[in-house]
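# Descriptive analysis of the structure
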Amino acid sequence: MRNYLTYVLLLLSVFVSNHLIAQQIYSNNIYPLTGFGLPLAIEPPALAGSFGELRANHFHSGIDFRTNQRIGYPVYAPADGFISRLRVQNSGFGLALYISHPNGYTTVYGHLARFNPKISQIVKDIQYKKTSYEIDEFPAGDLIPVRKGEVIAYSGNTGSSGGPHLHFEIRDSKTEATINPQLLGMSIADDIPPVIHAMYVYRLNGKPFNEFTPKQYFQVIGSMGSYKLNQVSTINLSGEVGFGIVVNDRHNGASGNNGVYAIELAVDGNTVYTSALERFSFDHSKAINTHIDYPTYMRTKQYIQKSFVDPGNPLQIYFNLVNNGRVTFNDGKTHTVKYTISDARGNKSLLAFNVFANPKAIINTPELPAGINFAYHKINEFSTEEVKVILPKGTLYNDLNFLYQKTAKPLQNAYSEIHHIHNSLTPLHTGFELWIKADSSIVKQSNKALIVNTNRSSQGGYFENGWVKAKPRNFGSFFVTIDTVPPNIIPLNIANGKNMAGISKMSFKISDALSGIKSFNGYINGKWILMEFDTKTANLWHVFDERTATGKHTFELLVVDMKDNVKRYAIEFYR
Ligand SMILES: [Zn+2]
């Protein structure tokens, strides 16, 4: 009996160590086991994307379940609750569902192929009522209750998805903060530790980080959790430095690279920096651009995660900071530096090296070109007779030496000179106000005016009192142009007089070269019909239903761009 008990305990401890590794929580937040089941029945569950993974301009807000490169797997409610939000978007999450649960959490399902029949009908009714494909509805609690295990939808690849998968989130229902599902008892086996690729040293010398900050690259070698610098045991450093690291994680059953959970940096055994992706607010997600070395990302698309925090960084993922992670070496002694990288299952990788504080090893930060000082914690403005720039509070992450110049007007379709607003290597948290004085010759077509960058990518905008005003998301080089060209419509399987009997849907490709598509509306016999759109493929289609009887019909499609240029396509067809 006693042996049996020992055996059971042994089994239990093996089970606990393999399946329920308690990940370290650095904050004061409590992460209860929610009792949520898995949303897919694919065994074993595997992640194609991790929580907080680094993506362009955002941290990944959930986990991506692999669906074997296919769509159409049933998605199950992980617990009782009710559908609290129904969302259909041309891009973003595509078809998405939100379930509010009585335990205070909301689960989110993105890129769905379709909803269950009951929800599909409700969504279609809303779309017809609002005459809009895109909807964002918050149904009352009693309208669509769901039970644990009920099929709510089918996995897909809609919206801005790069391949079939299920995007899954757990949010705090009150604050909408998104939380790492792997901290809330979502058990997904993984015993592969993170991989460390490279380490960088930045010579900060008390100055703000920017594209001029000198940086040194160190190759990292190793495997299975144990890493070291290649052919270097001691680095000579002097003055104030910051460290940066290139890491990713691999998951059991997944071929791609995912993100890590936590990065800890310790000097002489004392932690000076920790980042941990427990949760974040959507308002802060764009601050990924200050979490990483953004100038390097813009030049090479490499993600170096800085281990020092810029003063305007709003993210609440940092813990145990000493001097914001900036470390000064000036005592002539040798110090140990250690990185500990962990994934959300508690698998760890280590990188350790020595730093000799050598006074001869100073590298100065270069003097910046003469500019205007913008303080990160203030509203900043710059203006001339021809341009006005306003940065609201919270736009900058660091103090900035702001630079401006202008160059000659482009030859074609330009109504101003080119205004170079600092440069695109400085990350901005929010957009900024940009006003450009337009040539007086624009007056006849001022309602078609907009601002573009030098790649002729639209920044939007409108004409007012001689100025064109827009809100670009990034610094760059901008000028005023006009868009007078309507969108393009290409019918794929329909033509005037065609018999569409036995064909389930009519399909088109639509596009707009400059300002972008504002709306599309289809009408059969003068009545609005639901047309579905997918931004990433530019496909627009209508699935025939009981609204279109057999016989002869008229069809009209109107596609309008952001400057109200209209393209009309009108035919007759049979059904
Ligand atoms: Zn995702």
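All figures in this text were calculated on a predicted structure; none of them were measured in a lab. (Residues numbered from 1 in each chain as written. Predicted model: local features only at pLDDT ≥ 70, side-chain atom pairs only at ≥ 80, totals over all residues.)

## Let's talk about the sheet that holds strand β43 (residues 527-529)
Strands belonging to one sheet form pairs held by backbone hydrogen bonds; the direction of such a pair is parallel or antiparallel. Overall, mixed pairing links the five strands, which are arranged β40-β47-β46-β42-β43 in an open sheet. Two strands bound the open sheet, and with one partner strand each, they are β40 (498-499) and β43. Pairing geometry for strand β46 (residues 552-561) and strand β47 (residues 566-574), over nine bridges, is antiparallel. Following the sheet pairing, V559 is matched in β47 by K567. (Pairing = 2+ DSSP bridges. Helix = DSSP H or I, 4+ residues; strand = E, 2+ residues; numbered from the N terminus.)

## Re unusual backbone geometry
In this model, E43 is joined to P44 through a cis peptide bond whose omega is -10°. Within the secondary structure, P44 sits in the loop between α1 (2-19) and β1 (47-49). Positive phi outside glycine occurs at H111, with the angle close to 65°. You can see H111 is positioned in strand β8 (residues 105-112). By C-beta crowding, H111 is classed as buried, having 25 other C-beta atoms within 10 Å. Phi at H422 takes a positive value of approximately 50°, unusual for a residue other than glycine. Looking at the secondary structure, you find H422 in the loop between β33 (418-421) and β34 (433-437). (Buried ≥ 20, exposed ≤ 12 C-beta atoms within 10 Å, placed from the backbone.)

## A closer look at the domain arrangement of the chain
Under the domain assignment, the chain is made up of domain 1 (35-183), domain 2 (195-361), domain 3 (372-476) and domain 4 (488-574). Inter-centroid distance (C-alpha atoms) of domain 1 to domain 2 is 34 Å. With 23 residues of domain 1 at the contact, the number on the domain 2 side is 22 residues. For the side of domain 1 that touches domain 2, the secondary structure elements donating two or more residues are β1, β3 (58-59) and β14 (178-179). By residue number, the principal contributor to the side of domain 1 that touches domain 2 is β1, which donates three residues. (Domains from an automatic or database assignment. Contact = placed C-beta atoms within 7 Å.)

## Remarks on the pairing of strand β18 (residues 234-237)
Only one face of β18 is buried, namely the one carrying I235 and L237, since none of T234 and N236 on the opposite face is buried. Bridging between β18 and strand β27 (residues 348-357) involves four bridges; their strand directions are parallel. Residue pairing in the sheet places T234 in a bridge with N354 of β27.

## So, the pairing of strand β16 (residues 215-223)
Note that strand β15 (residues 195-203) and β16 share five bridges and pair antiparallel. Residue Y202 lies in a different strand from β16, and its bridge partner there is K215. Pairing geometry for β16 and strand β17 (residues 226-229), over four bridges, is antiparallel. If you follow V220 over to β17, its bridge partner there is L229. Where β16 hands over to β17, the hairpin turn is made up of two residues, of which M224 adopts a positive phi near 45°.

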